[in-house]
Amino acid sequence: MIKFLDLGKQPLANSFIKSVDLKKKEKKFRLSIAFNKKNYLVSILNTIPKEMMFNEKYPYKSSESNTMKSSFKKLSTKIKKNFDTENILEIGSNDGPFIKNFDKKKIVGIEPCENLAKITRAKGYRTICKYWNIDLAKKISKKKKFKLIYSANTLSHIKDISGIFKAIDIALDDQGILILEDPSLLECLKNNAYDQFYCEHIYVFSTIALKEILKKYDLEIFDVENTKTHGGSNRYYIKKIFNSKIKIKKNVVINLRKERKYGLHKITTYKAFARRVKLSKFKLSKLINKLISKKKIIIGYGATAKSCTVFNYCRFNNKHIKFFYDTTSFKINKFLPGSKIEIKKYKKLTLKDTDYVYLGAWNFQNEIFKKEKKFLNAGGKFITHIPFPRIIGRS
Ligand code: TMP
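All values reported here derive from a predicted model rather than from experimental measurement.

Peer 1: How should I be thinking about the packing of aromatic side chains in this particular structure?
Peer 2: Note on aromatic pairs: each is described by the distance of the centres and the angle between the planes. Counted by the stated rule, this structure contains 22 aromatic pairs. The rings of Tyr301, Phe323, Tyr325, Tyr346, Phe369, Phe375 and Phe382 are connected pair by pair, giving a single aromatic cluster. Sitting over the ring of Phe330, Lys334 keeps its end group 3.7 Å from the ring centre.

Peer 1: Can you help me understand the nonpolar core in this one?
Peer 2: Nonpolar side chains tend to gather and get buried jointly when the protein is soluble and globular. Residues Trp132 and Phe165 are the most contacted members of the largest nonpolar core, which totals 94 residues. Ranked by residues supplied to this core, first place goes to helix H9 (residues 267–293) with nine residues. Not counting chain neighbours up to four residues away, the residues in contact with Trp132 comprise Leu89, Ile91, Ile110, Ala137, Ile140, Ile158, Ile164, Ala167, Ile168 and Ala171.

Peer 1: Whenever I open this one, the site of the ligand confuses me. Can you help?
Peer 2: Near the ligand you find 16 residues, and of these Lys306, Asp326, Thr327, Lys331 and Lys371 are the closest. Contact between the ligand and Lys306: an oxygen atom at 3.0 Å from a side-chain N or O atom of the residue. With respect to the ligand, the side chain of Lys331 contributes an N or O atom lying 2.6 Å from an oxygen atom. Alone, the ligand offers 490 Å² of accessible surface; in the complex the protein occludes 97% of this.

Peer 1: Where do I start with the side chain of Ser65 in this structure?
Peer 2: With respect to the helices and strands, the residue Ser65 is situated in the loop between helix H1 (50–53) and helix H2 (66–82). Overall, the relative accessible area of 6% leaves Ser65 in the buried class. When sequence neighbours within four positions are dropped, the list of residues in contact with Ser65 reads Phe364 and Glu367.

Peer 1: Would you mind showing me how to read H9 here?
Peer 2: Compared with the 39 Å implied by 1.5 Å per residue over 27 residues, the 39 Å span of H9 between its first and last C-alpha is a close match. Residues Ile267, Thr269, Tyr270, Phe273, Ala274, Val277, Ser280, Leu284, Ser285, Leu287, Ile288 and Leu291 constitute the buried set of H9. Following H9 by one or two positions, Lys295 adopts a phi angle in the positive range, close to 65°.

Conventions we followed
- Residues numbered from 1 in each chain as written.
- Predicted model: local features only at pLDDT ≥ 70, side-chain atom pairs only at ≥ 80, totals over all residues.
- Heavy atoms only, no water.
- Phe/Tyr/Trp six-rings, centres within 6.5 Å; stacked < 30°, edge-to-face > 60°.
- Lys NZ or Arg CZ within 6 Å of the ring centre and 35° of its normal.
- Core = buried A, V, L, I, M, F, W, Y, C linked by side-chain atoms within 4.5 Å.
- Buried < 20%, exposed > 50% of the residue type's maximum accessible area, 1.4 Å probe, protein only.
- Helix = DSSP H or I, 4+ residues; strand = E, 2+ residues; numbered from the N terminus.
- Contact = heavy atoms within 4.5 Å.
- Near = heavy atom within 4 Å.
- Polar contact = N/O pair within 3.5 Å; in protein donor to acceptor, adjacent residues only side chain to side chain.
- Areas by Shrake-Rupley, 256 points an atom, 1.4 Å probe, with all protein chains shown as cover.
- Expected span 1.5 Å × (residues − 1).

In structure tokens form, the structure reads like this:
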């Protein structure tokens, strides 16, 4: 493992602070990113026990965003058209935007966060509130293996990569399909999106790394789709190696080539990324400090885990950003970890409230810009660091 980036000491990205706890010392850990020369995997170096992050207080709900809901709906239609949906398993079902598109009798959700599992159970979906592992895979697939296993933005959160795929191999039917969806490392590097790294994102996958890892478990990628969610993700379609009925699509080679061409197999590429990240920090700090010196008001939009990485790395606090707006009820009236900036219940933006808006949820820029058209048309401005620090106004 070669360390290439140090994002400093960071609190747990989703541990939002209650006002009574503001004076308490927060637990912090060093956020360093490394590259594995053997299998090309990029991961964070110090990991946090899963129980501290994924528990009954987990604040992130996928259904909060229309972009995500519509992406899951479209995928479900495609799955029904192309694959056997007799029995489906979702690893990391969150509050159910994927499983809700399927027959309750044919789908099972795995969700270790009790608060989220409760939501899908209440709607009649079988939801197992446990962490994904080999024992669980054996138990739930004893009578019948799954024809389709789906997991989005979840496997990158699980440290034991060997356990993940051994368990999948156990639970997946020999003719079954595994579909994985996670942020793309290539897009992360191209966008200088260093905030894809935080305590929960142990890995940011590439096609070349996943191909190497899957080999060990007799699994192989037969198709890759590049999607726009979470700032650019890859959806990998995977089968068992000996299932020769499914042909490998051209897209796989195209993606492998594209990633090699960019240099995702070389440490020099990551070192160059680290240099761009340092420059991004410098430029964003300069931009925000200049606006503050001109007495401009800046608020934040979307108190994301990503904002936690950026704000702690750039050392921003409530002198820089007055408060954040967010739609997630669990986050409202709490404070962002580390920077301790207050999070308020979302209200449509107006020029009366603010001059500039830092786009914390930059991965939902299109959805947000549509919602805030009036603010933009009236001359309202957003600030983003993607792909480089700048001000965005009406186009
Ligand atoms: P994520 O980037 O980790 O998916 O989190 C997105 C956060 O942004 C989540 O807390 C909800 C918030 N959000 C808003 O407040 N307003 C919006 O319009 C959208 C799309 C997201």
